[in-house]
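Architecture and fold: a report
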Amino acid sequence: MNCRDFESRLEALLDGRLDPATRQTYLSHARDCTACSELLTVVGGPTPDGVDEYLARLTSAVLENTIGSACGQAREYLPDHTDQTLDTVNRELVELHLDGCAECRRLSATLVALRRELPKLAEMPLDGQFTQAVLAATVTREPRWKSWWRDQWSGWVQRPRFAMEAAYVGLLVVMLVLGAFSTPLAALPQKGVQLMQPEPDTPSVWTNTQESLGTFWEWVASLFEKAESNQESKKETL
Amino acid sequence: MDLELQTLLDRCRQGDDLAWEALVRRYQGRVFAVTMHYMRDREEARDMAQETFIKLYRKLDSLRDGEAFLPWLIRLARNGSIDRLRRLKTRTPERSVSVDEGPEIPARRPTPEENSLERWRAGLLHRALDGLSEQSQEIIQLKDIQELKLGQIADLLALPLGTVKSRSHRARIELAEAIQELDPSFGAP
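Conventions we followed
- Residues numbered from 1 in each chain as written.
- Chains lettered and ligands numbered in written order.
- Predicted model: local features only at pLDDT ≥ 70, side-chain atom pairs only at ≥ 80, totals over all residues.
- Helix = DSSP H or I, 4+ residues; strand = E, 2+ residues; numbered from the N terminus.
- Buried ≥ 20, exposed ≤ 12 C-beta atoms within 10 Å, placed from the backbone.
- Contact = placed C-beta atoms within 7 Å.
- Core = buried A, V, L, I, M, F, W, Y, C linked by C-beta atoms within 7 Å.
- Nonpolar A, V, L, I, M, F, W, Y, C, P; charged D, E, K, R; others polar.
- Arc of directions from axis to C-beta.
- Axes fitted to C-alpha atoms, helices over the stretch in contact; angles between N-to-C directions.
- Parallel < 35°, antiparallel > 145°, perpendicular 65-115°, else oblique.

1. Side note on the overall build of chain A
- A count of helical and extended segments in chain A gives 13 helices and zero strands.
- Starting at the N terminus and ending at the C terminus, chain A contains elements arranged as α-α-α-α-α-α-α-α-α-α-α-α-α.
- In chain A, buried positions account for 13% of the 238 residues.
- Counting only contacts in chain A whose residues sit at least 6 apart along the sequence, the fraction spanning at least 24 positions is 42%.

2. A look at the nonpolar core
- Residues B:Val31, B:Phe32, B:Phe53 and B:Leu175 are the most contacted members of the largest nonpolar core, which totals 52 residues.
- The element contributing the most residues to this core is helix α2 (residues 17-39) of chain B, with 11 residues.
- Formed by seven residues, the second largest nonpolar core is a distinct cluster that contains A:Phe6, A:Ala30, A:Cys36 and A:Leu40.

3. Details of the interface of chain B and chain A
- The partner chain A presents 34 residues to the 36 residues of chain B that form the contact.
- Looking at the side of chain B that touches chain A, the elements that each hand over two or more residues are α2, α3 (42-58), α5 (117-130), α6 (134-145) and α8 (161-182) of chain B.
- The biggest single contributor to the side of chain B that touches chain A is α2(B), with 11 residues.
- When the residues that make up the side of chain B that touches chain A are grouped by side-chain class, the tally is 19 nonpolar, seven polar and 10 charged.

4. Digging into helix α9 (residues 129-138) of chain A
All names here are of chain A.
- Within α9 the residues assigned to the buried category are Phe 130, Val 134 and Thr 138. Taken end-on, α9 shows its buried residues confined to a sector of 60 degrees, consistent with a single buried face. Opposite its buried face, α9 presents the exposed residues Gln 129, Gln 132 and Ala 136, each directed more than 90 degrees away.

5. Quick notes on the packing of helix α6 (residues 71-83) of chain A against α8(B)
- In contact at an axis separation of 9 Å, α6(A) and α8(B) are set at 100 degrees when each is read in the N-to-C sense. By the criterion of interaxial angle, the relationship of α6(A) to α8(B) is roughly perpendicular. Counting all contacts with α6(A), which are made through A:Arg75, A:Glu76, A:Leu78 and A:Pro79, the residues of α8(B) involved are B:His169, B:Arg172 and B:Ile173.
- When its residues are assigned to classes, the contact of α6(A) with α8(B) shows three nonpolar, one polar and three charged.

So yeah, pure geometry; function would need other evidence.
Now the structure itself:
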């Protein structure tokens, strides 16, 4: 860089538009060239050694007068930045922010350290008797099918609709036992019905009942007749 | 020698007692860390860890394979711990689970003679974690300590993936800030 280049880029330096590499070259020239260093002082710009600080102050001033602070958005991206899952554009934007923000840089360093340290807490030491206790409670206790069956059974029984379901299943079993034609009990319902029916030559319960009722009504009627005849004979004597 | 998890699981299913013992030894520290996180009492957490392995033993036939095993085991430990906590709270309503019952945490930075730096860091992390909400602590435990994937945590907590992700980000930032308050030099190069 010569003095002419220096002058042509002076405005860009003051506006903070120089990329880091060019700024570095610019500063090297200012350190070596007394004239350019004086020029920088005359225009009120930073001294070569304090240009970064000057630019940082300039950025802060601009942000304060526009959006306030970009730290909020940077913080949203910091966990993904730590996990390296941020897309390229956002990663570069976050890194640019971190270059200029000491607080977020510190937070980012803490997040990186946490990512390294937290998985170390995944295991907590237990005394040697723990394994023995687990083995005593599992391996030597009972066959697995037994404990499985007990778990299943208690699960079924403790269901709220168990009683209704048990009744339903019971009914199904009765129907299957009595209803399937291949079962030896298939004829049982029919036999039951036959038992209820009277034999043809013996009077049925209903016939006997009818006869008994007929006799009863005849007796009642005779009582009425007797009473009426008594009344008539009394009238005649009077 | 580290046996492959799949081999261990296959042997356990076949009723191999040695494989079962190896599986218990390999995962007891993790299960205990999870139960300790919820129970906050060493004895209760130990009992719960034992109960988790007994349940695991009864469910050997339905063990999940490969990558799905650890999330499944953690789910078993978490759900069991929460159930046990509910039972304990119902039985003794005055019982309050205090964070002070947690693992031993040094209150000041110990000298090299007293403790190793690693242990001091673990204590610092526990103290910072204790200051977070239960929700944040749980998400840190599952995502950053046990290193479950966000999808697995979403399944475990029955929450949408986006919610889990945003909670995880928030919790990590909260933890980082809490750590900085406790020790500003934490993470410094």
